[in-house]
Every structure is written in structure tokens, then in C-alpha cells.
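# Descriptive structure summary
Single-letter residue listing:
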Amino acid sequence: MIRLNNKWEFVYEWSDDFMKYFIDGEAVRLPHNVGNIPLHYASPENYNTVCGYRRILDIPEAVLGSKIFLQFDGAAHVAEVFINQRSVAKHYCGYTSFRVDISDEVHAGKNQLAVKLDCTENPEIPPFGFVIDYLTYGGLYRDVWMDIRPNTYIEDIFVYTKDENTIHVDVTCVGTPMITDVEIYSPNGSLVATAKDCQNSTDIYISQPKLWSMDHPNLYRCLVTIKNEDYIDTLETTFGMRVAQFREDGFYLNGKKTFLRGLNRHQCYPYIGYALPEHLQREDARILKEELCVNAVRTSHYPQSHYFLDECDRTGLFVFTEMPGWQHIGDEKWKEQALENLKEMIIQYRNHPSIMLWGVRINESVDDDEFYTRTNELAHELDPSRPTSGVRYLEKSHLLEDVYAFNDFSHDGTNVGCRPKHKVTPDTDKAYLISESNGHMYPTKSYDDWGHRQEQALRHARVLDAAMSNRDIAGCFQWCMFDYATHKDFGSGDRICYHGVLDSFRNPKLSAAMYASQGNETPVLELGSPFDIGDYPGGQKGPVFAFTNADEVRLYKNDKFVKSFVPEDWDALPHGPVEINDMIGDLLESEEGLDPVKANHLRTCLLAAERYGIQNMPLFDKLRMARVMLKYKMSYADGVALYAKYVGNWGGEATKWRIDAVRNGEVIKSRICTPGNQLYLEATASRLNLIEGDCYDMALVRIRIVDENGNLAPYAQMPIILTTEGVIHVEGPQVITAEGGMCGCLIRTDGWGGDGRLIIYTESGMETAIEFNVFVED
């Protein structure tokens, strides 16, 4: 196919004069977002318009007589396509692709293509009709293609696994029936199976297959050829061989029980809305898999880019994808459109081996048995290989699907992490999973205080631990991957839902470390506090947790060993958070020379004072402290001195804390916590080599302000200035603000090859730079 992302013109408000070239347009490239979307206080009014796109199609005379299609991968939300000022198609879904046959509409030479795009929240189509907890943006925000095919052609291939050695291949052809050949190529590219002169539906046996899994995401290739003596057409698709089953007691992949540890993902970015080019789509999948160490993602609340799904296929991320919608069910016309959306989603996405589950209910909608009987029947007809589900907030809701998916927001920080399966689903013989949790129950900004940020991480840990402990829960998809813009009815006052474990630029909050620590490959150690007493009322820090994938955590004060800590009170997490609840440890023996018995008595009293504060200590602890002071003939001044040295630290020399994460007896990572004297800019680009060609390229740059020990400076709220040199530019504002010591920007190519440089600096003198190389694709 030929990508048509360049040489477009755009107007914010459509008119027939624009289509007739009486009005000039703004030169744009796709993917394109309508309107200017700010980081804070974004609104539907930024894109609430009926806009227009146009470009010239140059059709070679040699292709006339063939089938010529246009394919739009994403047009938000009602698109009308014009060829040479004649309306040739309309499409009513912003989240699925559509194809337009323009064979009879074009002539040799230059032809006019125009798109009238309604970006408003039209109540006649899903997901609209009531309030929605996310912005829906607008624009031709995915690729546009031209596909030239013979008059008899292969329209679709569907490959699915029947058992561990057998695949089924369905081929859909248009035109004169012909001989069909199928070839199957292994992950290493060798031909492993063929089916000659077969029907359009056939089973193929594969000996010793390499199965697709999260650790070994093996991808096969299916090449289909139709032909006669002088005619040929081919089409190919990738697929994975795997046997995925949801059973009463959980999810099984290739016969092995696997807990789905996941997050929910929207498909947006600040400034560009939905208009993410290929690399940014794939980057989100990489972050989920490599940085957050999850094995699953829910594409809430609509089908997302094939580039994102391709990367999930390639890296081994399980996917729960669903039809567009949010709570509202409209009239019969609305339902018919929802069914069409579901049909398009399944046909377009069913070859992705990463997809394990179809969502066939409108997210969080009430029961509608007639409607949902139809959605389930349609899904099973189009794809007999996958189960269905549907996300609800209702307990004991009517279960027409194969898997009960429930948004469990029951955890409030004081109770158990999740509801037991038998309390929620009406049919315990069917599988059950948690589709959302946390999120709006505890919004957390990157610049909230340490205690708040730690509690968000602990809530994610408690829910995940509880879900994994319930052996009949198939998985848990917590809310959500990153902060996102929303409508005024939701989110904070700036219309951002601060529900993510990452911020909007994919910078990690502390809760991200909880997920990262569940992996084993990369050493992880993040702390719930830097031990600065001024962050806490009365200097009482309360419990401090380390999030790590080490076996133990060792604490040192001014390079002197204090105590070792291990995870406790976690039933199922691979690596539970480690509570650091004793900042005194062995210091009374090593520093004061006290005997173990006396040291233990005094340590107990001092830890109670640290936990509650002197004034708020329970009576029992106050009486115990009095008995200890009498027993050891200590004066009030003696007690105050010990408290000041080991608990309060008020007015003394700044303490240097070192925390070592230890695995198998070796230190795998360390953190030094002490008041910093110097701040630095730290910037990381998602890629340094960019590709220019039939589409622009982008890179995400994540920016942090850190101290000399590499610790985030969460109170560094300051302007950051961005400038560029060469063949790149910043997409969005060039003066941004660090929030919680973090921010980010998007770098975009300018249309030609060469070198580019991003300079990042502050007025206070901090500066760093990143060098980019832009290559022109042939």
C-alpha cells in the first residue's frame, strides 16, 4: 500500500469552497490533531468543529481498470470522503479504519481528495450521547493509504489456532473464484507448511510449532496466493500460535496458568491528542512491558492503533480490547452503529495474537440483554477462537459473556484490596477478572507530598496482592497507565485525571516503581520518602516503604549499619514493598555502647515516639517510657538528647542515609538520601535516530530535575526552556514547567534529513542537550 500522509491542506471550519479550492488551507501532515491542545485545562472546545482536509491524488494511467482503494486508519469521528467534489463514502466511527473504493471515481492524472470531518461529540454515535471520562479529540489522526489491487483480489485473511499443532485459515476473496494456495513461514522465516489448491477455509497442521507467549512471542507469517494461468494476487498477515483459555479458576496460556497483571491505557498525549505516529505508539507498549513490567493492557475504551498492537504482539503483552463507548447506551440506530463498530473492530484486529479477549459491552453500562445477546453472538460468529467479556461496575450483573469483568473500586486504603469473586459474579463457573481499580479513588499528582505518593503506590500493591491471592481471579488491570485530559465533569480542576502511575509524559510516579519491582531483569529501588523530617507534621515520618525487586534492604546512617529489612505481610506479590520501620536499629549498641537489653528497651520507646510524636504517644507507651527512664536512672535531658539524635534530628548536622538493595548477598542498587547541594537536568529521548519519508517521525523526551545523588527533586517547580537546531522542532510550547521535578516534550522531524539538537535549560543555569540524527527513508 502507498501511504498518503504528506501534502495535505487543512481548515478548522469546513466549507464547500475549501473543497473547490476557492479557499486556501494550512499545509499539514498526518497524523494530524485538530486544534491546539494544552497540557492543562484542555477542553472539547479545542477540537469541537467540522473541519476539512484535502490533497491531490496523482493516478497513473497504468492502474486504471484496477481496483483502487483509500484506507483511513483513524478519522475522528464522522468522516465524509469526496473525490473530485463528489461524495463517495461516509464513516461513523473514530476508532476503526475504513476503506473506500474510488476505482470508478478517478481518472488518469490529478484528482481531488477531500474529507469533511465532524469532530464534535455527536450523540447519535458511540461513544457519545452522555458524559465521557476522557477527551475524544479530532482529526485524521492515523495513517491514510492508497491500495491498488486487481479486480479479483484477496480482501481478508483470518488465522487462528485450533490446537497446539493446528491453525485454521479463512480467506475472503472478491471477484472470480480462483485457486488458493497458503504458505506458512516460521518465526525464523523458513517455510514450514503449505496448503495447495485449497478452499477458502482450511486447517493446516504445523509440526513442532513455536508457540506465542509473553516470554517467547513467536510470530508466524501466512502468505495467501490466488491465481489462474495468467493472474495472481497475494496477501499476507502475521499471527501467533497459542492456546488461550479463560477457565473457572483463571487464565491459561498454552496450558499454563498465568495471572494477567495489567494497566489500562488511553491513546493520547499532551498537545497532539490522538495524533501519535508509529514510534510513539510502539513506545507505550515498550514502557508497559520493559519499564512497568506488566504482562497485559486493556485498550480503554476503544480499539487502538495497529502499531501499538503490533508491538504488543512482538513483545508479548496480552491485550483486552473493547468496542467504543462509555456508560451510555443509545437508541436502536445508535445500537446498530455500535454493532457495526464491533464488527469492524473484530475483523480488523483478530489476527493480533496479543488480543486475548473481546469487550462486547459498552464500558460500565447497565444490563441490556437484547443488545448484548446480539454483540456476543456477533463476536463469536466473527471470531470463534476468542472469549467475550464486558466491563461493568455492577455486582451480580447479567452475564451473557464468557468472562465477568468488574471495576472493583472497593479498596479505600484500610480494607482488603478487592472483593472476592463469589461476591461479584452471578456465575462462579465462568472466569472473572478485575478490569479497573484504584484510579479516581486516590488521584495523585507528581508534586503531591511524599506520603500521598507513597500511599498511591501501596494501594496499587494491596489490590494487586489481594487479586493474585484469590486463586480464582484471572487478572487485574488497574487504572491507569498515565494521567490524561478529560471533560470538566471528571478529573481535577485543570481537567486532568491524575490517576496514572506515570504522568502525561510517561514520567514515573512512585507507584510506577511498584510495578517495575515485580520484574527481575532490571534492578529497582525507589523510596517512599527521602527521610526529610520537614516534610511531615511534627517531623513524624510514619512508615516508609522501599519498592524493590531485591531480597532485602539494608539501611545505613552516615555509613554506619542500622538494620536490614525484608518484605512482610504480602501474600502473592513477587516482590512486595519493604517497610523501613526502624531508623535506630543497632545504633544504640554501636554508637552508645549500650548492652542489648537496655538498648532494646530504649529503642522501643524511641520508635514509639517517632511513630506518634511525644505529645500523641498512647498512654501505654508513655508509661513504658517512664518505667524505662526510672529503671536506668535517666534524666529528662538524657531522654531529649537521645530523641534529638535518633528521632528528631532537629538542628543537627544533616544526616546521610544510604539504602542498599541486596539480592543473593550482592548489592544490586543503592540510594543515598541527604539534602542536595546542586540540581541538574536529566533528559532521556525515546530514540535518537528518526526517520523521515512518507510520514514524519517523533521522539518523546522525558525531563527530570535531580540532585547530585541522582534523586528526583520533586519540589523543583520551575520553567524549562526548549530550543532546537537543525532538522527538528518541538511540538508544543517551548517554555514548559517542571511539575514534581518532571516534565517532557515531543520532538518532530521537519521533512528532511540531517542532524538535530535539542537544548534544554533553565534561567538558573542548568542545561543539557540531546543530539538527534534524521535519516530519509527511500
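The coordinates are above.
A brief look at the structure comes next. (Residues numbered from 1 in each chain as written. Predicted model: local features only at pLDDT ≥ 70, side-chain atom pairs only at ≥ 80, totals over all residues. Heavy atoms only, no water.)

### Structural notes on the pairing of strand E2 (residues 8-11)
Pairing geometry for E2 and strand E3 (residues 26-28), over three bridges, is antiparallel. Its bridge partner lying in E3, Trp8 is registered against Val28. Note: E2 against strand E4 (residues 50-59), three bridges, orientation antiparallel. If you follow Glu9 over to E4, its bridge partner there is Arg54. (Pairing = 2+ DSSP bridges. Helix = DSSP H or I, 4+ residues; strand = E, 2+ residues; numbered from the N terminus.)

### As for the packing of aromatic side chains
Scanning all chains against the criterion turns up 26 aromatic pairs. Taking the centre distance of 5.9 Å and the plane angle of 50° together, the rings of Tyr271 and Phe505 count as tilted. Of the two residues, Tyr271 sits in the loop between strand E23 (260-264) and helix H2 (278-291) while Phe505 sits in the loop between strand E32 (496-497) and helix H8 (510-516), which places them 234 residues apart along the sequence. There is no split in this pair, since Tyr271 and Phe505 are both buried. Judged by centre distance (5.9 Å) and plane angle (85°), the rings of Trp479 and Tyr484 are edge-to-face. Each member of the pair, Trp479 as well as Tyr484, carries the same accessibility label: buried. Ring pairs connect the aromatic residues Tyr47, Tyr95, Tyr134, Tyr137, Tyr141, Tyr274 and Tyr302, which therefore count as one cluster. Positioned above the aromatic ring of Tyr21, the side-chain terminus of Arg54 is 3.9 Å from the ring centre. In this structure, Arg298 packs its charged tip against the face of Phe320, placed 6.0 Å from the ring centre. (Phe/Tyr/Trp six-rings, centres within 6.5 Å; stacked < 30°, edge-to-face > 60°. Buried < 20%, exposed > 50% of the residue type's maximum accessible area, 1.4 Å probe, protein only. Lys NZ or Arg CZ within 6 Å of the ring centre and 35° of its normal.)

### Thoughts on the pattern of salt bridges
Close approach of charged atoms allows side chains of opposite charge to pair. The final tally for this structure, using the stated rule, is 54 salt bridges. The closest approach of N and O atoms between Lys335 and Asp368, which form a salt bridge, is 2.9 Å. Pair noted here: Lys335 is in helix H4 (residues 332-349) and Asp368 is in the loop between strand E26 (355-359) and helix H5 (369-382), with a separation of 33 residues, a long-range link. Residue classification places Lys335 among the buried residues on the basis of a relative accessible area of 12%. The residue Arg757 makes a salt bridge to Glu771 at a minimum N-O spacing of 2.5 Å. In this pair, Arg757 sits in strand E47 (residues 754-761) while Glu771 sits in strand E48 (residues 767-776), placing the two residues 14 residues apart along the sequence. Overlapping salt bridges, with partners in common, bring together Glu278, Arg282, Asp310, Glu311 and Arg314 in one network. (Salt bridge = Lys/Arg side-chain N within 4 Å of Asp/Glu carboxyl O.)

### Side note on the state of the cysteines
Here a disulfide denotes one covalent bond, and it connects the sulfur atoms of two cysteines. In total, this model carries zero disulfides according to the counting rule given. Between Cys745, a free cysteine, and Cys743, which holds the nearest cysteine sulfur, the sulfur-to-sulfur gap is 7.8 Å. (Disulfide = S-S within 2.5 Å.)

### Some remarks on the nonpolar core
Judged by nonpolar contacts, the single largest core of 117 residues is most densely connected at Trp8, Tyr53, Leu70, Phe72, Leu140, Leu288 and Leu292. Residue contributions to this core peak at eight residues, all from helix H7 (residues 450-469). Excluding residues that lie within four positions of it along the chain, Leu140 makes contacts with Trp8, Leu30, Pro31, His32, Tyr53, Phe72, Gly74, Ala75, Val115 and Leu117. (Core = buried A, V, L, I, M, F, W, Y, C linked by side-chain atoms within 4.5 Å. Contact = heavy atoms within 4.5 Å.)

### Brief notes about the packing of helix H10 (residues 596-612) against helix H11 (residues 619-631)
In a pair of packed helices, the angle between the axes and the distance between the axes together describe the arrangement. At a minimum axis separation of 10 Å, H10 and H11 run at an interaxial angle of 145°. When the axes of H10 and H11 are compared, the crossing they make is left-handed. Residues His601, Leu602, Thr604, Cys605, Ala608, Ala609 and Tyr612 of H10 form the contact with H11, whose participating residues are Asp621, Arg624, Met625, Val628 and Lys631. When its residues are assigned to classes, the contact of H10 with H11 shows seven nonpolar, two polar and three charged. (Axes fitted to C-alpha atoms, helices over the stretch in contact; angles between N-to-C directions. Left-handed = near helix turned anticlockwise from the far one by under 90°. Nonpolar A, V, L, I, M, F, W, Y, C, P; charged D, E, K, R; others polar.)

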